[in-house]
Amino acid sequence: MQKKRGEDPRSPPPCQSGPVFWIETSDSVSRLYQFEPQGQLSVKVVDDSRPLFHRMVESFQNKFFPSGYPYSVNEGYLRYTQFRALQHFSSAALSVLSTQSLLFAAGLRPTPAQATAVSWILKDGMQHVGKLICSNLGARMDSEPKCWRILADVLYDLGTGLEVLSPLCPHLFLEMAGLGNFAKGMAVVAARATRLPIYSSFAKEGNLSDLFAKGEAISTVFNVVGIGVGIQLASTVCSSMQGKLVVGPLLAAIHVYGVVEEMRATPVNTLNPQRTAMIVADFVKTGKISSPADLRYQEDLLFPGRLIKDAGNVKVGTALHTIAKPSKLRELKEIFPNEKFILNNGTRWTDMILEQSATAEDALRGWLVAAYAANMENSMHKPSSGVLEQAYERMNEVFSPFLSELKSKGWHTDRFLDGTGSRFAW
């Protein structure tokens, strides 16, 4: 590495000297680093003797991956990106076939003007209705972004499938195309609403905007490629309805497979009921805390509300009036008067109701109490009146180191995302 200064070292104070610059040579590449007068650092390649292939790979990485990759993102980003590309490619190709089918079903030749008219009538009508309905489910999407992202693509494929099938029943063209766009409208809202929490789980150095921009760049490229392939299919294999019935389901299957693998690779680091139960179960069994990357492939993306026995079979968000009578609620609250949760042990599961201002830390405290109490009852083979108090004492003994390690693993404990679950104000 060579290092130079813009002015003679014997010149007056730094504030009067020229810009500071130096040249670093690494892997056959020489780069000029220079501090601008405003304090910004600029980097310029002055010599690059690497093979053309290596330069093309770096250029691709710079355009489609965040700065500093792979050190600036969390684990799983590459796999997520690969299947995101596959998802957008297959979706774009399928959309070409559905548009062609819509035009044929409407008895139109696929000219740009007519395509615009059909799009305006259907998409700006029924699609907006779907968007409005789905917009009321935002809290549930915060809690389970992976599940809703998968559901969004399933809805999109269902809508596209109705459009592809519309030529088979042209007398029901408006109904089928309208329902298709209704499903697509819901899919668009769900996909956009879950995009931010998914990208946030990969951000490692405050580079969320960079992640978002590069992710959209990859989506755009593979959408264009998919449209090109779709046009080719529409003019050859899929020029007949029989061809569409074969290729359409295949593209839809690839599309859903891609998004499922994307979500499995995403290490979401916020706490919801499922991830909290998994963390508590691992901790109670092994004394260790799993990181977001450890849990990502263990999450149930189809049935996220399942109960986990080792975590005390805790169920969150049940309406307060369905759990106990008002006279019993005071008794439940008095068991842990200083806590922001209420536990009610039932025959099949333990209900936990959180106070309105409860955070993820409060939910973790309640969950640990329920898990320890369940383990104690299982070891004694019969219920005991003092189990909750013993479990509470055990929780207090381990909670501080438990919480510290949880945060060090990258979990966010400031909010507990329980969807639209009921909470209480005492």
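Residues numbered from 1 in each chain as written. Predicted model: local features only at pLDDT ≥ 70, side-chain atom pairs only at ≥ 80, totals over all residues. Heavy atoms only, no water.

A. Seen up close, the overall build of the chain. Per the secondary structure count, the chain includes 15 helices and 10 strands. In the chain, buried positions account for 43% of the 426 residues. Total accessible area on the chain is roughly 22300 Å²; 58% of this is exposed by carbon and sulfur atoms. (Helix = DSSP H or I, 4+ residues; strand = E, 2+ residues; numbered from the N terminus. Buried < 20%, exposed > 50% of the residue type's maximum accessible area, 1.4 Å probe, protein only. Areas by Shrake-Rupley, 256 points an atom, 1.4 Å probe, with all protein chains shown as cover.)

B. The arrangement of the packing of helix α6 (residues 145–165) against helix α9 (residues 241–265) in detail. Relative to each other, α6 and α9 sit at 170 degrees, their axes nearing to 9 Å. On the basis of the axis angle, α6 is roughly antiparallel to α9. For the pair formed by α6 and α9, the contact residues are Lys146, Arg149, Ile150, Asp153, Val154, Tyr156, Asp157, Val164 and Leu165 on the first element and Met241, Lys244, Leu245, Ala252, His255, Val256, Val259, Val260, Met263 and Arg264 on the second. Looking at the contact of α6 with α9, its residues break down into 12 nonpolar, one polar and six charged. (Axes fitted to C-alpha atoms, helices over the stretch in contact; angles between N-to-C directions. Parallel < 35°, antiparallel > 145°, perpendicular 65-115°, else oblique. Contact = heavy atoms within 4.5 Å. Nonpolar A, V, L, I, M, F, W, Y, C, P; charged D, E, K, R; others polar.)

C. Representation of the pattern of salt bridges. For the structure on display, the rule yields 16 salt bridges. Arg264 is the partner of Glu261 in a salt bridge, and the nearest nitrogen-oxygen pair spans 3.7 Å. Placement of the pair is Glu261 and Arg264 together in helix α9, with a separation of three residues, close to one helical turn. With a relative accessible area of 10%, Glu261 lands in the buried category. Across the salt bridge formed by Lys285 and Asp310, the nearest N and O atoms sit 3.5 Å from each other. Of the two residues, Lys285 sits in helix α10 (residues 273–286) while Asp310 sits in the loop between α11 (292–295) and β6 (314–316), which places them 25 residues apart along the sequence. (Salt bridge = Lys/Arg side-chain N within 4 Å of Asp/Glu carboxyl O.)

D. Structural view of a nonpolar patch on the surface. Residues Val221, Phe222, Val225 and Val229 make up a contiguous nonpolar surface patch of roughly 250 Å² in combined accessible area. Relative to the helices and strands, Val221 resides in helix α8 (residues 208–235). Judged by its relative accessible area of 33%, Val221 is partly exposed. (Patch = residues over 30% accessible without salt bridge, like charges linked within 9 Å, V, L, I, M, F, W, Y side chains within 5 Å.)

E. Representation of unusual backbone geometry within the structure. One non-glycine residue with positive phi stands out, namely Asn313, at about 50 degrees. Judged by relative accessible area, which is 21%, Asn313 ranks as partly exposed.

F. Highlighting the pairing of strand β8 (residues 350–355). Of all six residues in β8, six are buried; the element is thus mostly enclosed. Both strand β7 (residues 341–345) and β8 contribute to a ladder of five bridges, which runs antiparallel. Note on β8: the bridge partner recorded for Leu343 is Met352. What sits between the antiparallel neighbours β7 and β8 is a turn of four residues. (Pairing = 2+ DSSP bridges.)

G. Summary view of the side chain of Gln274. Structurally, the position occupied by Gln274 is in helix α10. When near neighbours in sequence (up to four residues on either side) are disregarded, Gln274 contacts Glu144, Glu299, Asp300, Pro304, Arg306 and Ile308.

H. Region of interest: the side chain of Ser201. When you line up the elements, Ser201 lands in helix α7 (residues 173–202). For Ser201, a relative accessible area of 1% translates into the label buried. Not counting the four nearest positions on each side in its chain, Ser201 is found in contact with Asn74, Thr266, Pro267, Val268 and Asn269.

I. Focus on helix α4 (residues 126–134). All of the buried residues in α4 are Gln127, Gly130 and Cys134. End-on view of α4: buried residues confined to an arc of 60 degrees, all on one side of the axis. (Arc of directions from axis to C-beta.)

J. Structural context of the packing of helix α14 (residues 360–380) against helix α15 (residues 387–408). Closest axis-to-axis distance for the α14/α15 pair is 8 Å, and the angle between their directions is 130 degrees. Judged by the angle between their axes, α14 and α15 are oblique. For the element pair α14 and α15, the recorded crossing hand is right-handed. Of the residues assigned to the contact of α14 with α15, the class counts are 17 nonpolar, two polar and five charged. (Left-handed = near helix turned anticlockwise from the far one by under 90°.)

K. A look at the environment of Ile23. Topologically, Ile23 is positioned in strand β2 (residues 20–26). Note: C-alpha distance between Ile23 and Val45 (22 residues apart in sequence) is 9.4 Å.

L. Representation of the packing of aromatic side chains within the structure. Summed over all chains, the structure comprises 11 aromatic pairs. Measuring from ring centre to ring centre gives 5.2 Å for Tyr77 and Phe202, while their planes differ by 75 degrees; the resulting arrangement is edge-to-face. Of this pair, Tyr77 sits in helix α2 (residues 77–105) while Phe202 sits in helix α7, and the two are 125 residues apart along the sequence. Taken as a pair, Tyr77 and Phe202 share a single burial class, namely buried. Note on Tyr199 and Phe212: the rings are 5.4 Å apart at their centroids and 70 degrees apart in plane angle, and the pair reads as edge-to-face. Placement of Tyr199 in helix α7 and of Phe212 in helix α8 is noted, with a sequence separation of 13 residues between them. Among the residues examined, Phe212 registers a relative accessible area of 35% and is labelled partly exposed. The positively charged end of Lys315 is found above the aromatic ring belonging to Trp349, 4.0 Å away from the centroid. In this arrangement the basic side chain of Arg365 is found over the ring face of Phe399, its NZ or CZ atom lying 5.0 Å from the centre. (Phe/Tyr/Trp six-rings, centres within 6.5 Å; stacked < 30°, edge-to-face > 60°. Lys NZ or Arg CZ within 6 Å of the ring centre and 35° of its normal.)

M. Highlighting the confidence of the model for the chain. When pLDDT is averaged across the chain, the result is 82; 85% of the residues are at 70 or more. Taken element by element, the chain is modelled with least confidence in strand β1 (residues 2–5), mean pLDDT 44, and with most confidence in α10, mean pLDDT 94. (pLDDT = per-residue confidence, 0-100.)

N. Local environment of the environment of Leu151. Looking at where Leu151 falls in the secondary structure, it is placed in helix α6. Judged by relative accessible area, which is 36%, Leu151 ranks as partly exposed. Separated by 35 residues in sequence, Leu151 and Met186 place their C-alpha atoms 9.6 Å apart.

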